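Observations on chain architecture
Residues per chain are reported as follows:
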Amino acid sequence: MEIIEIIEKTRKAVAKAKAAGKKIGLVPTMGALHEGHFSLIKAAKKQTDFVVVSIFVNPAQFGPGEDIDKYPRPFDADVKACKKLGVNVVFAPTVEQMYPVRDNKSSKSDLKSTMAESKVVVSNGMYPEKNLTWINVEKLSEPLCGKSRPGHFRGVATVCAKLFNIIRPDFAFFGQKDAQQAIIVQRMVADLNMPLKIVVCPTVREKDGLAMSSRNKYLNAKERKDAVLLYAALQEAELFIKAGVRKSSELKKEMEKILKISKQIKVDYISIVDAQTLNEIKEVKGQVLIALAVKLGAARLIDNIMLDVE
Ligand code: AMP
């Protein structure tokens, strides 16, 4: 397994594998890998011949006051896990690699090499802010997490586009855990005719139902206990739907009741939306996404279920 920080080196390693006829799989992550990430890597190993895992805590998707500084970065353990799973390349770029400050005053020949990314001008500036090109997947980026994290999905879509351009994978693997992210990336790929397939893998949960997340590390023992209520609330909604309830308002009330069991849980949103458009629906019908986000201690946690309702 190679660990590569430099974009051009990564491109070369992938080009070599492609020349040998291998299908390339990409698993984009921010590191602090857990069983959720491992499931994506395992799917990539099954469906492709050469697996690249990117580890990059992307500053462009964190808002002011969010947890970028304390986001866990257990790099050595991540590398070890990737090796064990048979990953071919860990692409772990620096922020300077991904968001270089490009010198627009360069001569023509310098610009050419800038395009080849061999001579990007790097400074200690505010890197993502120097990026001039952003991808905004309209409408889908606005509801749910987009409301309380403005700019988040712009950062996500842009870094994914960058990663897709660098690695040129045939398949990229995402988790259902971040349903809105997966829907946005799928739409970007379709709208911009990007030549790859997005594979969405099921949410991996702890035994008690809590969706695995790198941010679960922020929970203390009491909060960790209360965190089971997120999935319990989603399951309650599913139970009520199975019993014939179709009104979103009624379902949301039942979910709120479950979450209120904890005094520490502060609900950001409970949403019942059409799984394609992410528009709120009054009655559940067809492919429905039930999603929620809460603050619990220092953590912001999200979870969701996708249902096909008759
Ligand atoms: P992150 O490192 O949090 O940016 O996540 C990287 C990828 O792993 C994203 O596609 C996530 O949706 C996916 N992921 C995170 N947690 C889980 C989980 N519990 N089950 C499945 N996929 C997950």
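This is a predicted model, so every value here is computed, not measured.

Focus: the overall build of the chain
Helix and strand content of the chain: 12 helices and nine strands. On C-alpha atoms alone, the chain measures out to a radius of gyration of 20 Å, which is about the 19 Å that the 2.2 N^0.38 rule sets for 310 residues. Summarising its shape, the C-alpha atoms of the chain cover approximately 65 × 40 × 40 Å along the three principal directions. Of the contacts made within the chain by residues no fewer than 6 positions apart, 71% connect residues no fewer than 24 positions apart. By element, 53% of the accessible surface of the chain is carried by carbon and sulfur atoms, the whole surface being about 15900 Å². One finds the centroid of the 50 positive side-chain charges in the chain at a distance of 3 Å from the centroid of its 36 negative side-chain charges.

Quick look at the sheet that holds strand β7 (residues 265–274)
An order of β7-β8-β9 is seen for the three strands of this open sheet, with the pairing classed as antiparallel. Bordering the open sheet on either side are β7 and β9 (299–309), each of which pairs with just one other strand. Sheet twist, expressed as the average angle between the axes of neighbouring strands with direction ignored, equals 15 degrees. Strand direction decides the pairing type here: strand β8 (residues 286–296) and β9, joined by 11 bridges, are antiparallel.

Considering the pattern of salt bridges
Taken as a whole and judged by the stated rule, the model has 11 salt bridges. Among the ionic pairs, E66 bridges to R149, the shortest N-O distance being 2.6 Å. Of this pair, E66 sits in the loop between β3 (50–55) and α3 (75–84) while R149 sits in the loop between α7 (145–148) and α8 (152–167), and the two are 83 residues apart along the sequence. The buried category is assigned to R149, whose relative accessible area is 11%.

A few points about the side chain of N216
Its place among the elements puts N216 in the loop between β6 (197–201) and α10 (221–226). Within the structure, the side chain of N216 is placed 3.0 Å from the backbone oxygen of A211, a separation counted as a polar contact. N216 has contacts with L210, A211 and L301, leaving out every residue within four places of it along the chain.

Remarks on the packing of aromatic side chains
With the rule as written, the count across this model stands at three aromatic pairs. Each ring, one from F62 and one from Y71, has its centre 6.0 Å from the other, and the planes form 80 degrees; the classification is edge-to-face. With relative accessibility at 11%, the residue F62 sits in the buried group. When the ring centre of W134 is taken as reference, the NZ or CZ atom of R154 above it lies at 3.9 Å.

Topic: the site of the ligand
Near the ligand lie 17 residues; those nearest to it are M30, H37, D178, V204 and M212. Between the ligand and V204 there is a distance of 2.8 Å, counted from a nitrogen atom to a backbone nitrogen or oxygen. For the ligand, the protein covers 93% of the area, taking 490 Å² as the surface of the free molecule. Secondary-structure elements contributing two or more residues to the shell around the ligand are β2 (24–29), α2 (35–47) and β5 (171–175). Ranked by residue count, the leading element in the shell around the ligand is α2, at three residues. Considering only residue class, the shell around the ligand consists of eight nonpolar, seven polar and two charged.

Concerning α8
Its 16 residues place the ends of α8 22 Å apart at the C-alpha level, agreeing with the 22 Å of an ideal helix rising 1.5 Å per residue. Among the 16 residues in α8, 14 count as buried, and that is most of the element. Just downstream of α8, R168 is the residue with a positive phi angle, here 50 degrees.

Observations concerning the domain arrangement of the chain
Annotation of the chain at the domain level lists domain 1 (2–201) and domain 2 (214–309). The distance between the C-alpha centroids of domain 1 and domain 2 comes to 28 Å. Taken together, the contacts link 21 residues of domain 1 with 19 residues of domain 2. Taken over both partners, the interface formed by domain 1 and domain 2 buries close to 1700 Å², and the fraction arising from carbon and sulfur atoms is 56%. Elements represented by at least two residues in the side of domain 1 that touches domain 2 include exactly α7 and α9 (179–191). No other element matches α9, which puts three residues into the side of domain 1 that touches domain 2.

Conventions used here
- Residues numbered from 1 in each chain as written.
- Predicted model: local features only at pLDDT ≥ 70, side-chain atom pairs only at ≥ 80, totals over all residues.
- Heavy atoms only, no water.
- Helix = DSSP H or I, 4+ residues; strand = E, 2+ residues; numbered from the N terminus.
- Rg over C-alpha atoms; globule rule 2.2 N^0.38 Å.
- Contact = heavy atoms within 4.5 Å.
- Areas by Shrake-Rupley, 256 points an atom, 1.4 Å probe, with all protein chains shown as cover.
- Lys, Arg positive; Asp, Glu negative; His and termini not counted.
- Charge placed at Lys NZ, Arg CZ, Asp CG, Glu CD.
- Pairing = 2+ DSSP bridges.
- Axes fitted to C-alpha atoms, helices over the stretch in contact; angles between N-to-C directions.
- Salt bridge = Lys/Arg side-chain N within 4 Å of Asp/Glu carboxyl O.
- Buried < 20%, exposed > 50% of the residue type's maximum accessible area, 1.4 Å probe, protein only.
- Polar contact = N/O pair within 3.5 Å; in protein donor to acceptor, adjacent residues only side chain to side chain.
- Phe/Tyr/Trp six-rings, centres within 6.5 Å; stacked < 30°, edge-to-face > 60°.
- Lys NZ or Arg CZ within 6 Å of the ring centre and 35° of its normal.
- Near = heavy atom within 4 Å.
- Nonpolar A, V, L, I, M, F, W, Y, C, P; charged D, E, K, R; others polar.
- Expected span 1.5 Å × (residues − 1).
- Domains from an automatic or database assignment.
- Buried area = accessible area lost by both parts, 1.4 Å probe.

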